[in-house]
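Structural overview
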Amino acid sequence: MAVVIAVIAAVLAFLPLANRMSNGAAAPWFPALLSYWGWGTILVGGAALVIALLSRNIDSLWPVTLVSGLRTFFIGSPTRTVLLIAALAGACYLAVSLITFGGRPLHIDELAQLQQARIFASGALWRSAPAHPEFFGSMHMIDSLGRVYSQYPAGGPALLALGVLAHAAWAVVPMCGVIGVLAFAAYLRIAEPRSGVGLLATALFAFAPFVIFMSGTELNHGPLLMWVAIAIACVARVVASAEPLPWWAFACGLAFGAAATVRPGDAVAFAVPAAVWFLARAVKDRARWTDVLCAGAGLALPLAILLWVNLRTTGAPLRFGYEVMWGPGQAPGFHVDPFGDPHTPMRGLRFISLYFMRLQMYVFEAPIPSLLPAILALALAIRLDAFDRYLLAASGLLVLLYFGYFFDGFYPGPRYVYPLMLPIALWTARLPRIVRDRFASPLPYRGVAYGYLLAGGMALAGGVPSRVHQYAGMLPPMRWNPDAASASTGVHDALVFVRVSWGAEIIVRLWALGVPRGIVEQLYRHVDSCLLDQTATRLERTGVRGSAAADALRPLLRDSARVAPSTVSPDHSERVEENATYTPGCVSHIRDDRRGFTVYPPVLLAEKGNNVWAYDLRGRDTLLLAQYPSRPVYLLSPESADASARLRFLPLSRDSLWQSARRGD
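Source: prediction; values computed, not measured. (Residues numbered from 1 in each chain as written. Predicted model: local features only at pLDDT ≥ 70, side-chain atom pairs only at ≥ 80, totals over all residues. Heavy atoms only, no water.)

**Some points on the overall build of the protein**
When its secondary structure is counted, the protein shows 28 helices and 9 strands. By the compact-globule yardstick of 26 Å for 665 residues, the protein fits well, its C-alpha radius of gyration being 27 Å. The C-alpha extent of the protein, read off along each of the three principal axes, is 90 × 55 × 50 Å. Classification of the 665 residues of the protein by burial places 52% in the buried group. A separation threshold of at least 6 residues defines the contact pool for the protein, and within that pool the share at least 24 residues apart is 77%. Surface accessibility of the protein: about 28,700 Å² in total, with carbon and sulfur atoms responsible for 65%. (Helix = DSSP H or I, 4+ residues; strand = E, 2+ residues; numbered from the N terminus. Rg over C-alpha atoms; globule rule 2.2 N^0.38 Å. Buried < 20%, exposed > 50% of the residue type's maximum accessible area, 1.4 Å probe, protein only. Contact = heavy atoms within 4.5 Å. Areas by Shrake-Rupley, 256 points an atom, 1.4 Å probe, with all protein chains shown as cover.)

**A word on the sheet that holds strand E9 (residues 647–652)**
With mixed pairing, 4 strands are arranged side by side in an open sheet as E7-E4-E8-E9. On the outer flanks of this sheet lie strand E7 (612–615) and E9, each paired with one strand and no other. Neighbour-to-neighbour, the strand axes of the sheet open up by a mean angle of 30°, direction not taken into account. In terms of strand pairing, strand E4 (residues 495–498) meets strand E8 (residues 633–638) through 4 bridges, oriented parallel. Residue Val496 lies in a different strand from E8, and its bridge partner there is Tyr634. (Pairing = 2+ DSSP bridges. Axes fitted to C-alpha atoms, helices over the stretch in contact; angles between N-to-C directions.)

**Some thoughts on the sheet that holds strand E2 (residues 141–144)**
Spatial ordering of the open sheet is given by E1-E3-E2, a layout of 3 strands whose pairing is antiparallel. Each end of this open sheet is capped by a strand with a single partner; those strands are strand E1 (127–128) and E2. Summarising the sheet, E1 and strand E3 (residues 147–150) pair through 2 bridges and their orientation is antiparallel. Its bridge partner lying in E3, Ser128 is registered against Arg147. Contacts from helix H6 (residues 108–121) reach E1, E2 and E3 within the one sheet, and its direction differs from that of E3 by about 120°.

**Looking at helix H22 (residues 502–512)**
Within H22, 10 of the 11 residues are buried, which leaves it mostly tucked inside the rest of the structure. Buried within H22 are the following residues: Trp502, Gly503, Glu505, Ile506, Ile507, Val508, Arg509, Leu510, Trp511 and Ala512. Where the residues of H22 are buried, they touch helix H23 (517–526), helix H24 (529–542), helix H25 (546–553), helix H26 (584–595) and E7. Remark: Gly514 follows H22 within two positions and exhibits a positive phi of approximately 80°.

**Observations concerning the packing of aromatic side chains**
Each aromatic ring pair is specified by the distance between its two centres and by the angle formed by the two planes. In total, this model carries 31 aromatic pairs according to the counting rule given. Plain terms: the ring middles of Trp480 and Trp613 are 6.2 Å apart, the flat faces sit at 80° to each other, and that makes the pair edge-to-face. On the criterion of sequence distance, the pair formed by Trp480 in the loop between helix H20 (443–473) and helix H21 (482–489) and Trp613 in strand E7 is long-range, its members being 133 residues apart. With respect to class, Trp480 is no different from Trp613; both count as buried. A centroid spacing of 6.4 Å and a plane angle of 90° characterise the contact between Tyr634 and Phe649, whose relative ring orientation is edge-to-face. Of this pair, Tyr634 sits in strand E8 while Phe649 sits in strand E9; the two residues are 15 residues apart in sequence, bridging distant segments of the chain. As far as the burial class goes, Tyr634 and Phe649 line up, both buried. An aromatic cluster of three or more residues is present, and its members are Trp326, Phe339, Tyr355, Tyr402, Tyr405, Phe406, Phe407 and Tyr416. The ring of Trp126 carries the charged tip of Arg147 above its face, separated from the ring centre by 4.1 Å. (Phe/Tyr/Trp six-rings, centres within 6.5 Å; stacked < 30°, edge-to-face > 60°. Lys NZ or Arg CZ within 6 Å of the ring centre and 35° of its normal.)

**Comments concerning the pattern of salt bridges**
Evaluated as defined, the whole model comprises 24 salt bridges. The salt bridge partner of Arg525 is Glu521, with a shortest N-O separation of 3.5 Å. Placement of the pair is Arg525 and Glu521 together in helix H23, with a separation of 4 residues, close to one helical turn. With a closest N to O distance of 2.4 Å, Arg618 and Asp592 form a salt bridge. Separated by 26 residues along the polypeptide, Arg618 in the loop between E7 and helix H27 (622–627) and Asp592 in helix H26 bring together distant segments of the chain. Residue classification places Arg618 among the buried positions, given a relative accessible area of 17%. We classify Asp592 as buried; its relative accessible area is 12%. If you follow the salt bridges from partner to partner, you end up with Arg499, Glu505, Asp592, Arg595, Asp616 and Arg618 in one network. (Salt bridge = Lys/Arg side-chain N within 4 Å of Asp/Glu carboxyl O.)

**Description of the pairing of E7**
Because side chains alternate across E7, one face comprises the buried residues Val612 and Ala614, and the other comprises Trp613 and Tyr615, equally buried. Relative to E7, E4 runs parallel, the two being bridged by 4 bridges. Its bridge partner being in E7, Leu495 is matched across the sheet by Val612.

**Some details on unusual backbone geometry**
A cis amide bond links Tyr411 with the next residue in sequence, Pro412, at an omega value of -20°. With respect to the helices, strands and loops of the structure, Pro412 is situated in the loop between helix H18 (386–403) and helix H19 (421–438). Even without being a glycine, Glu365 presents a positive backbone phi close to 55°. In this structure, Glu365 sits in the loop between helix H16 (345–362) and helix H17 (372–380). Using a relative accessible area of 7% as the deciding quantity, one classes Glu365 as buried.

**A closer look at the state of the cysteines**
Counted by the stated rule, this structure contains 1 disulfide. Disulfide pairing is shown between Cys530 and Cys586; the S-S distance is 2.0 Å. Where Cys530 bonds to Cys586 through sulfur, the torsion about that S-S bond is close to 85°, and the disulfide is right-handed. A residue pair is termed long-range when its members are at least 10 positions apart, and Cys530 in helix H24 and Cys586 in helix H26 qualify at 56 residues. Cysteine Cys92 shares no disulfide, and the gap to the nearest cysteine sulfur, in Cys176, comes to 17 Å. Overall, Cys92 belongs to the partly exposed group, its relative accessible area being 28%. No disulfide involves Cys234; its nearest neighbouring cysteine sulfur is the one of Cys252, lying 5.9 Å away. (Disulfide = S-S within 2.5 Å.)

**As for the nonpolar core**
Ranked by internal contacts, the top residues of the largest apolar core, which has 191 residues, are Tyr187 and Phe270. Ranked by the residues each element gives to this core, the list is headed by helix H11 (residues 221–240), at 12 residues. Sequence-distant contacts of Phe270, that is, excluding residues within four places in its chain, are made with Val228, Ile232, Phe256, Tyr390, Leu391, Ala394, Pro419 and Leu422. Judged by nonpolar contacts, the second largest core, of 6 residues, contains Ala112, Ile119, Met141 and Val148. (Core = buried A, V, L, I, M, F, W, Y, C linked by side-chain atoms within 4.5 Å.)

By themselves, these are just geometric observations and shouldn't be taken as functional.
Below is the structure:
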């Protein structure tokens, strides 16, 4: 089984299947990386071999006394070592969150979950929808039946809400990362009989760059992995005991249930093999039914809360926000996805191949492929014990889950397969010991040890700093602080219109018409922007909304084959139809885009100044002028079209805005 798993992992990790199924478009960077890894492996492996050979005659290259002393120090007090690892890792996670990512949600998924966390922190499950929702729409936030709430399951935002109450939401996921390290170490203390291997696996997991960067975000993958690590530690404690452990079994179910409130599918992947294991033991020993029942009771508690939140928000306990927003096409399986594209087994395989190729790069940021040591360890393993079979089965189910999922989850790295860090860290740590046990000569073992040190040192010197620099400079518009900017310019109690691109205007107007988000995505990607704008204007004037509006817009998709990304607008997400003739109004929109625009999401984080932040929708702005008659009015826009241009608040005249609306400008 180990060899089969190693072969499958090697095929996915080293053969660019994704590129072969997409004519090289899926990962155009992979051939260059293969060359880089080839030379890196030759360099690291060659240097490690030379040092290992020299160490036979030069004692200082393999100082037995020092190595023995370090082993005694770390292995002699494993609890102290684990606490030290967790503390140092926590410092790294907090530094990345606060410094590299600026203590702010940069990805739209993070932003939506933080918005929901603020709603929870206020003591509510949703906030009331505004009178004119087109001015305040946000991706992944549902506006339905007068309620605004996030599409995400409640567990992730609920944890972030604790940070919101403490005014440190940025610290929540790093703390989850620390707890995850401690829980994984607790699992390894039982599942990995060799304490040195367990401590090395803990350190590799805690300090893997992929884990460090993921733990610095506000995504729900960090909390999910924390709950999974706690759950598998409890599983190990229960199955390793000769007697039933009802309270540990209850804690196991509770942790799996909490994981399900964060990311249900990922939780199922790890919970199902554990349930099979518990049931198999109960069939052989009736006393073990106590563990099964207690685990079920623990599982039921968080699931009951999740179903109650669903009932109160979406209207049905088993109806999640994803379905409300995107329709039934968002569920895993092979069908037409919410964007109108068929998700087929070939497409699923392309995604899985892409995830494994990315893991090769992002897990350790080393000059050798990140998965190579774990794959070699699996291939050389003599046998798999029950804990190995459990963790690998759960990992396989996770891969199958995302094989059937239509979306490519990436940021910062292949985040959908983030839980695979558990087996990757463990099997990477096992390779030196496996080599030592399989070969009589100490040379291969020393070569692997030196290889790890060299690869790690090169990652710290090159790969990690490069990635830090990349992440620290990415998404500058999302780093803009509306509270600091408005305070420095004296803008308060104002109505602030945010100048966004023409494409962004069209999207929020379609949302406000009640067109399902999936259909909006299809229309925006496959319909000429001018035609879409004109049709939306006609529907707004005639009061057509909901399913009737969607039915009126669908025929626009018939010419999608003649539509391409815009080359005339700086917003290349806009679309233009071949040989289309634009109206003066559409030309004016493109001219405005060329003067510069910004993005709306950062203003959703504003907490001070009592300002109302709204999309600038040109002639429709008078709706808010009437709703807020006494507030001063500003336009937030960049000073120029340059991507690094400073944002400024331009005072606007209410009379001028009314006159412009009457003229149809």
